[in-house]
Amino acid sequence: MRYSNNINNDYISAEILKHLSILSVKEQEQVLEFVIKLKKTDFCGSSSDTLVKYAGTISFDDLDIISKVIEDDCTRIDIMAWDLQ
């Protein structure tokens, strides 16, 4: 669920607490672990503002080649490459 930018932190916090209160202690612990992990997760990537300058820089021919390679090579499974021990 995505909230619009005009909804403040107090509302979101209240909604989280409302839903959290109906969970078991075990489930609440899982939520806490998730929030802690989420907070520790570093964002590694680029914002859309940074990437937008590259929009349209790949030719349609190159995009066709990339799409074909992905379709041909990324949909194959090589069972012999798996270590099943």
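Details of the structure are given in the entry above.
Per-chain numbering applies: the sequence of each chain, read as written, is numbered from 1 onward. At least 70 in pLDDT is required for a residue's local features to be given in this predicted model, at least 80 for side-chain atom pairs to be given and counted, and no such filter applies to totals for whole chains, interfaces and linings, which use all residues. Each side-chain value is worked out from all heavy atoms of the structure, with water and hydrogens disregarded.

(A) Highlighting the overall build of the protein chain. To qualify as a helix, a DSSP run of H or I must reach at least 4 residues; to qualify as a strand, a run of E must reach at least 2; elements of each kind are numbered from the N terminus. Secondary structure summary: the protein chain contains 4 helices and 0 strands in total. Tracing the protein chain from N to C terminus, the helices and strands come up as α-α-α-α. Three labels apply to residues, based on accessible area from a 1.4 Å probe with only protein chains included: buried if under 20% of the type maximum, exposed if over 50%, partly exposed otherwise in between. The 85 residues of the protein chain split such that 1% are buried. Computed by Shrake-Rupley with a 1.4 Å probe, the accessible areas treat only the displayed protein chains as cover when residues are assessed. Accessible surface, the protein chain: about 8700 Å² in total, of which carbon and sulfur atoms supply 59%.

(B) Seen up close, a nonpolar patch on the surface. The residues that make up patches have over 30% relative accessible area and no salt bridge, and they are joined within 9 Å when like-charged or within 5 Å when they are Val, Leu, Ile, Met, Phe, Trp or Tyr. Salt bridge, as used here: a side-chain nitrogen of Lys or Arg that lies within 4 Å of a carboxyl oxygen of Asp or Glu. Taken together, the side chains of Ile-58, Phe-60, Leu-63, Ile-66 and Ile-70 make up a nonpolar region of the molecular surface, amounting to roughly 500 Å² of accessible area. One can find Leu-63 in helix H4 (residues 60–73).

(C) Representation of the side chain of Glu-15 in the model. Along the polypeptide, Glu-15 turns up in helix H1 (residues 9–20). A 3.5 Å cut-off defines polar contacts: any pair of N or O atoms within that distance qualifies, except that in protein one atom must be a possible hydrogen donor and the other a possible acceptor, and neighbouring residues in sequence count only when both atoms are side-chain atoms. Separated by 3.2 Å, the side chains of Glu-15 and Lys-18 make a polar contact.

(D) How the structure looks around the pattern of salt bridges. Taken as a whole and judged by the stated rule, the model has 2 salt bridges. Its salt-bridge partner being Glu-15, residue Lys-18 comes within 3.2 Å of it at the nearest N-O pair. Note that Lys-18 and Glu-15 are positioned in helix H1 at a spacing of 3 residues, about one turn of the helix. For Lys-68, the salt bridge is made with Asp-72, and the minimal N-O distance between the two is 2.7 Å. Taken together, the residues span about one helical turn, with Lys-68 and Asp-72 both in helix H4 at a distance of 4 residues.

(E) Spotlight on H1. Under the 1.5 Å per step criterion, the end-to-end length of H1 is 16 Å for 12 residues, consistent within 8% with the ideal 16 Å. By the N-cap criterion, in which a side-chain oxygen at the helix start approaches the backbone nitrogen of a residue two or three places on, H1 is capped by Asn-8, the distance to Asp-10 being 3.2 Å. To estimate how far a helix should extend, the number of its residues minus one is multiplied by 1.5 Å.

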